[in-house]
Amino acid sequence: MAELTASHLRKQIDSGNLDPVYLVLGDDDYEKAEVADEFEATIDEELRPFNVTRFYGDESSLDDILEASRTLPMMAQRRLVIVIRSERLLQPKRESQASIRALEDFNLYLRNPAPTTTLVIVAGTLDKRSKIYKSLMKSSTLTRLGVLADSGDAERWI
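**Q** Please set out the confidence of the model for the chain residue by residue, giving values where relevant.
**A** Residues shown with low pLDDT carry predicted positions that ought not to be read at fine detail. The pLDDT averaged across the chain works out to 89; a share of 92% of its residues lies at or above 70. Predicted confidence in the chain is weakest over helix α8 (residues 151–157), with a mean pLDDT of 61, and strongest over strand β4 (residues 79–84), with 96.

**Q** Pulling in residues and values, what's your account of the sheet that holds strand β5 (residues 117–123)?
**A** Spatially, β1-β6-β2-β5-β4-β3 is the arrangement adopted by the six strands of the open sheet, whose pairing is parallel. Here the strands that pair on one side only, and so sit at the sheet edges, are β1 (3–4) and β3 (52–56). Against the sheet, helix α2 (residues 29–40) makes contact with β2 (21–25), β3, β4 and β5, and its axis sits at roughly 170° relative to β4, the strand it touches most.

**Q** Outline a positive patch on the surface, supporting the account with residue identities and numerical values.
**A** Where like charges cluster on the molecular surface, the positive patch consists of R111, K131, K134 and K138. Tallying contributions element by element places helix α7 (residues 131–139) first for the positive patch, with three residues. Relative to the assigned elements, K131 resides in helix α7.

**Q** Give a description of the layout of surface pockets that names residues and reports values.
**A** The space that makes up the largest pocket amounts to roughly 240 Å³. For the largest pocket, the full set of lining residues is L90, Q91, P92, E95, I100, L103, E104, N107, S130, K131 and I132. At four residues, helix α6 (residues 97–111) tops the list of elements feeding residues into the lining of the largest pocket. By volume, the second largest pocket amounts to about 180 Å³. Split by residue class, the lining of the second largest pocket holds four nonpolar, three polar and two charged.

**Q** Give a detailed account of α6, specifying residues and quantitative values.
**A** Over its 15 residues, α6 runs 21 Å from end to end, which matches the ideal 21 Å to within 8%, given 1.5 Å per residue. Looking at the packing, one finds that the buried side of α6 touches β2, α4 (62–70), α5 (87–90), β5 and α7.

**Q** Just give me the short version of the side chain of S135, but keep the residues and values in it.
**A** In this structure, S135 sits in helix α7. A polar contact is formed between the side chain of S135 and the side chain of N107, at a distance of 2.6 Å. If we ignore the near neighbours within four places in the chain, the residues touching S135 are N107 and L110.

Here is what the cut-offs are and how they apply
Residues numbered from 1 in each chain as written. Predicted model: local features only at pLDDT ≥ 70, side-chain atom pairs only at ≥ 80, totals over all residues. Heavy atoms only, no water. pLDDT = per-residue confidence, 0-100. Helix = DSSP H or I, 4+ residues; strand = E, 2+ residues; numbered from the N terminus. Pairing = 2+ DSSP bridges. Contact = heavy atoms within 4.5 Å. Axes fitted to C-alpha atoms, helices over the stretch in contact; angles between N-to-C directions. Patch = residues over 30% accessible without salt bridge, like charges linked within 9 Å, V, L, I, M, F, W, Y side chains within 5 Å. Areas by Shrake-Rupley, 256 points an atom, 1.4 Å probe, with all protein chains shown as cover. Salt bridge = Lys/Arg side-chain N within 4 Å of Asp/Glu carboxyl O. Lys, Arg positive; Asp, Glu negative; His and termini not counted. Charge placed at Lys NZ, Arg CZ, Asp CG, Glu CD. 1 Å grid on protein atoms, 1.4 Å probe; cavity = no way out; pocket = protein on both sides within 12 Å on 5 of 7 lines; lining within 4 Å. Points joined across faces, edges and corners; volume = space filled by probe spheres on them. Nonpolar A, V, L, I, M, F, W, Y, C, P; charged D, E, K, R; others polar. Expected span 1.5 Å × (residues − 1). Polar contact = N/O pair within 3.5 Å; in protein donor to acceptor, adjacent residues only side chain to side chain.

Have a look at this one:
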């Protein structure tokens, strides 16, 4: 899909007009956590327990993420699923039949994401040669953190 600078991503988050899938890449854990919090702030605070789910790549499975992504929002227009340290799920160290099947299911979801869910995938780096990276590039809105692409990014960094 599209690539947004960090400042343009923040403007889009502030507008509340969110895309179905975001890929947020960068090495700064603080900035990645800050962006995840900004996404979460788009959901009313009283409704967050029902409509915001955070996953951590080393503590969850792609099946759990897909199940949460397919769940309808409760008393809200949108559900938010945030996956922190997702490179651990998307690039398993050992490939098994289960991990291959889970990645294939995830690829299918990326082709037709739930219209009432915003899936935010946060990672350090991903192997650009991998099939999942290519699928994410086609189906998600990409933001690279830690890059000073415009004056808004420079102001925020300072």
